Amino acid sequence: MDHSDDIHSIAMHPNGRICATGQIGPKPRICVWDNETMECKVLITAPLTKGVKHMAFSPDGKYLIASAMDDDQMVAVFEWEKPPAKPGKPVTPIAHGKSTRAKILSIGFTGANTAVATCVKEVCFITFSNGAIKTQKGTGWGNKGAESVLTQAMVGNAFYTGAYSGDIIQWNGRNLAKRTKAHTGRVNAMYAVGQQLV
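On a predicted model such as this, the values are computed, not experimentally measured, just so you know. (Residues numbered from 1 in each chain as written. Predicted model: local features only at pLDDT ≥ 70, side-chain atom pairs only at ≥ 80, totals over all residues. Heavy atoms only, no water.)

A. Representation of the pattern of salt bridges. Taken as a whole and assessed by the stated rule, the structure comprises 8 salt bridges. Between Glu36 and Arg17 there is a salt bridge, with its nearest N and O atoms 3.3 Å apart. One end of the pair, Glu36, is in the loop between β3 (30-34) and β4 (39-44); the other, Arg17, is in the loop between β1 (7-12) and β2 (18-23), with 19 residues separating them in the sequence. Given a relative accessible area of 33%, Arg17 falls into the partly exposed group. Of the charged contacts, one joins Asp72 and Arg101 as a salt bridge, the two residues approaching to 2.8 Å between their closest N and O atoms. Of this pair, Asp72 sits in the loop between β6 (64-68) and β7 (75-78) while Arg101 sits in the loop between β8 (95-97) and β9 (104-109), and the two are 29 residues apart along the sequence. A residue is classified by how much of its surface remains accessible, and Asp72, at 25% relative accessible area, is partly exposed. Its relative accessible area of 63% is what places Arg101 among the exposed residues. Look at the salt bridges and you will find they share partners, linking Glu147, Asp167, Arg179 and Lys181 into a network. (Salt bridge = Lys/Arg side-chain N within 4 Å of Asp/Glu carboxyl O. Helix = DSSP H or I, 4+ residues; strand = E, 2+ residues; numbered from the N terminus. Buried < 20%, exposed > 50% of the residue type's maximum accessible area, 1.4 Å probe, protein only.)

What follows is the structure, given as structure tokens:
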């Protein structure tokens, strides 16, 4: 069995052969697929509620992070290839918890155990360990305060976000390091191609 409701989100594995899809609904499912055989290799059924809004694989492909559509915008991290503790039981997250009250617009990894949610008037840096999620807001916005950030990309070791203002923002840790005016309108999408930002 795979999805039982409309699919809302998708994430591509770094190897290009695997992808994950997330659905809406009170108890949404996540399916991890083999793109060549079209087989659902892993079915994840907990603990997110109301729908799976965003997902991303870690750079090494080991972890899958997903955010929910509930009011607390719960986040869960799965070691998706690891079999359940008991046969026949669902895959459970290695960490989960509340993220931010700001509306999440994208989610992605900046390292093996660190992720970022770009949000309405906030950038939320996420770490996970010992089953728990910890979040910290990005800093360095200046007197005008944070603006809405729609998208993100890692280029090598450099982390960039795309803002509603049309700026591309480079980060140093969780501190805003540099802003570059890229568009007259908002930056809707970003992608790393080798060492280039598109």
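Having put the structure on the table, let's press on.
B. Local environment of the sheet that holds β1. Overall, antiparallel pairing links the 4 strands, which are arranged β1-β2-β3-β4 in an open sheet. Strands with a single pairing partner mark the edges of an open sheet, and in this sheet they are β1 and β4. Going across the sheet, the axis of each strand differs from the next one's by a mean of 25°, ignoring polarity. With 5 bridges connecting them, β3 and β4 associate as antiparallel partners. The partner of Asp34 across the bridge, within β4, is Glu39. (Pairing = 2+ DSSP bridges. Axes fitted to C-alpha atoms, helices over the stretch in contact; angles between N-to-C directions.)

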